[in-house]
Amino acid sequence: MLNAYTSDEIRAAERKLMARLPEGTLMGRAAAGLAVACARALPRVYGARVLLLVGAGDNGGDTLYAGALLARRGARVDAVLAAPRAHAGGLAALRRAGGRAAGLPDGPPDADPRLTGLVRRADLIMDGLVGIGGSGALREPYAALARLAGGAPGVVVAVDVPSGVDASTGEIAGEAVRAHLTVTFGAVKAGLLVDPGASRAGTLLPVDIGLGPDLPEPGVVALTGAEVAGLLPRPGAESDKYRRGVVGVVAGSDRFTGAAVLAVGGAVRAGAGLVRFAGAADPVRQVRARWPEAVTKIIAPEEGVAEVGRVQAWVLGPGMGTGDGALELARAVLATDVPVLVDADGLTVTAREPGLLRRRAPTLITPHAGELGRLLDVPAGDVEARRLHHARRAAAEFGVTVLLKGSTTVVAEEGGPVRVNRTGTPWLATGGTGDVLAGIAGAYLAAGLACADAAACAAHVHGLAGRAAATGPEGGEAPIAAMDVAERLPAAVRALTSGS
Ligand SMILES: NC(=O)C1=CN([C@@H]2O[C@H](COP(=O)(O)OP(=O)(O)OC[C@H]3O[C@@H](n4cnc5c(N)ncnc54)[C@H](O)[C@@H]3O)[C@@H](O)[C@H]2O)[C@@H](O)CC1
Ligand SMILES: Nc1ncnc2c1ncn2[C@@H]1O[C@H](COP(=O)(O)OP(=O)(O)O)[C@@H](O)[C@H]1O
Ligand SMILES: [K+]
């Protein structure tokens, strides 16, 4: 499990550890780890041009000490002091090591030829403007420096956190540094795992400074492949199709037949013992043609799902339409006493009667930002900008487990840490991949996994399959179709369970 923390949690742990150690020990450890990481990111240290962007706080201090270590190894190090004061010990160390430091010119930094020249020529830029002490949008001149670094040809290394990214949440209020590498101290910050912050961090490189024993239970975690493999349902000698889990899928409409085919495909390929599909005549015909493994039944909304047969979990929603008939079906499925996954149109109709989500049996909702925005009555852009906040809020407000899709998939439920998915690829942003995901998670629910486990495992496996579909055996990358993701599921699970 990769554990991630807020700035306050890291600070509290640092305070406890610092109380037991001589002053400066932690900064020394941080700077040493940072210097090693920077040295590895350079073809050679001797003669390399290194530019330090230095803020007023300890983040700038780490940067100055690391710069001093590189200067001692022969790098040509220049520091730009972005604030009137800088960490005194760090500055003295840099100067003793032969590094140069200067304040900012009057006027806009991007109009200063000396500064733009330093940025253009730097082989490596260290962003030490702000770390976990940052709050709100980057102020000037920090914002201008972050912009300048954005256009730099060299490697950009963020010190602890890319400046401008909220370390606790991944939110970005204004400008933010875009790093190739983030060297983060003590423990991973939650904001480095969740977009938009995660995509500014580049590769994450944690540096151990001895914080471990002082850290609390994490509020954000990411499961490893081995942990997902351990959770995935696996048949045993006593298994039969019913015991492995029967998943009912209510999806599709005469207008949207593909969603039904894709959701059923996700469930079949993820290993459901049996898939019972119920819907309108056209999607039933399509599902039968593509997935002869599924059992199908044509239903009218007023009939409900009582005659579909016994299932251990329902998947409700993909392509089912948003009219009154769809709402009637949603009421029927949500009135059952088994776990229900609500996706897509199922969420749109449920937004008209959110009370339907308050059930005794477990409920998992799988919205994208637009669908969650409708449920919470906030614009989709706000959901995307504050993914942790809105996923947690929906989990608390509706008493459900929430899998929020998009550039970082997060799974939230009350009383547990948020799980962040680290597989996947932006190639998954294509119509129908969400329907496949719903089918996968439905199969895992039917097999008996708890909502958060089913959701986290489904997102992980779906992301692996999506990546495998996009890259293929030839290497490179290419666009994918949603069905490719369903077809790659067995291979993705084989790779996961073999540990490769
Ligand atoms: N506390 C510790 O034990 C350790 C801290 N370390 C470093 O210390 C950092 C935290 O240092 P600090 O607490 O001094 O805080 P930071 O250096 O992260 O930031 C504080 C400074 O940034 C300014 N600032 C905050 N928000 C700003 C904004 N939006 N725009 C412009 N300026 C802004 C503040 O006015 C202040 O001068 C960590 O990220 C890490 O790099 C490491 O040395 C490891 C040990
Ligand atoms: N930028 C992105 N990066 C990675 N994955 C993404 C991105 N955008 C969307 N996805 C993933 O693609 C899938 C799209 O699902 P969804 O929005 O429900 O589409 P649809 O309804 O067409 O199936 C989800 O699994 C989502 O997490
Ligand atoms: K930083």
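Here the structure is a predicted model, which is why all the values come from computation and not from measurement.

**A closer look at a negative patch on the surface**
- Together, E302, E303, E307 and E328 make up a negatively charged patch on the protein surface.
- Position of E328 relative to the elements: it lies in helix α12 (residues 324-334).
- Since its relative accessible area comes to 35%, E328 is described here as partly exposed.

**Re the domain arrangement of the chain**
- Split by domain assignment, the chain resolves into domain 1 (2-218) and domain 2 (225-498).
- One C-alpha centre belongs to domain 1, the other to domain 2, and the line joining them spans 40 Å.
- Of the roughly 810 Å² buried between domain 1 and domain 2, counting both surfaces, carbon and sulfur atoms make up 58%.
- Considering only the surface of domain 1 that becomes buried against domain 2, E171, V194 and D195 emerge as the three largest contributors, covering 53% of it.

**Some points on the coordination of the potassium ion (ligand 3)**
- Distances from the potassium ion (ligand 3) to its protein donors, N59 (OD1), D127 (O), V130 (O), V159 (O), V161 (O) and S163 (OG), fall at 2.6 to 3.0 Å.
- What the six donor atoms of the potassium ion (ligand 3) show is an angle range of 66 to 171 degrees at the metal, which sorts the shape as irregular.

**Notes on the nonpolar core**
- Core analysis: the largest hydrophobic core is formed by 101 residues, its most contacted members being L70 and M126.
- With eight residues, helix α2 (residues 25-41) is the single largest residue contributor to this core.
- Residue-level mapping places this core at the junction of two domains, with at least three residues from each of domain 1 (2-218) and domain 2 (225-498).
- Formed by 59 residues, the second largest nonpolar core is a distinct cluster that contains V264, Y444, A459 and V461.

**Let's talk about the pattern of salt bridges**
- Taken as a whole and judged by the stated rule, the model has 15 salt bridges.
- One salt bridge in this structure joins E487 and R290, with 2.5 Å as the shortest N-O distance. One end of the pair, E487, is in helix α19 (residues 482-498); the other, R290, is in helix α11 (residues 281-290), with 197 residues separating them in the sequence.
- Between R331 and E353 there is a salt bridge whose closest N-O contact spans 2.6 Å. Placement of the pair is R331 in helix α12 and E353 in the loop between α13 (344-350) and β16 (363-365), with a sequence separation of 22 residues.
- Within this structure, E140, R147 and E175 form a network of salt bridges that share partners.

**A few points about the environment of G323**
- Inspection of the secondary structure assignment puts G323 in the loop between β14 (313-316) and α12.
- Between the C-alpha atoms of G323 and L53, which are 270 residues apart in sequence, the distance is 56 Å.

Cut-offs used in this document
Residues numbered from 1 in each chain as written. Chains lettered and ligands numbered in written order. Predicted model: local features only at pLDDT ≥ 70, side-chain atom pairs only at ≥ 80, totals over all residues. Heavy atoms only, no water. Patch = residues over 30% accessible without salt bridge, like charges linked within 9 Å, V, L, I, M, F, W, Y side chains within 5 Å. Areas by Shrake-Rupley, 256 points an atom, 1.4 Å probe, with all protein chains shown as cover. Salt bridge = Lys/Arg side-chain N within 4 Å of Asp/Glu carboxyl O. Lys, Arg positive; Asp, Glu negative; His and termini not counted. Charge placed at Lys NZ, Arg CZ, Asp CG, Glu CD. Helix = DSSP H or I, 4+ residues; strand = E, 2+ residues; numbered from the N terminus. Buried < 20%, exposed > 50% of the residue type's maximum accessible area, 1.4 Å probe, protein only. Domains from an automatic or database assignment. Buried area = accessible area lost by both parts, 1.4 Å probe. Donors = N, O, S within 2.8 Å, 3.2 Å for Na, K, Ca; no water. Tetrahedral: all angles 85-135°; square planar, octahedral: opposite > 155°, others 65-115°. Core = buried A, V, L, I, M, F, W, Y, C linked by side-chain atoms within 4.5 Å.

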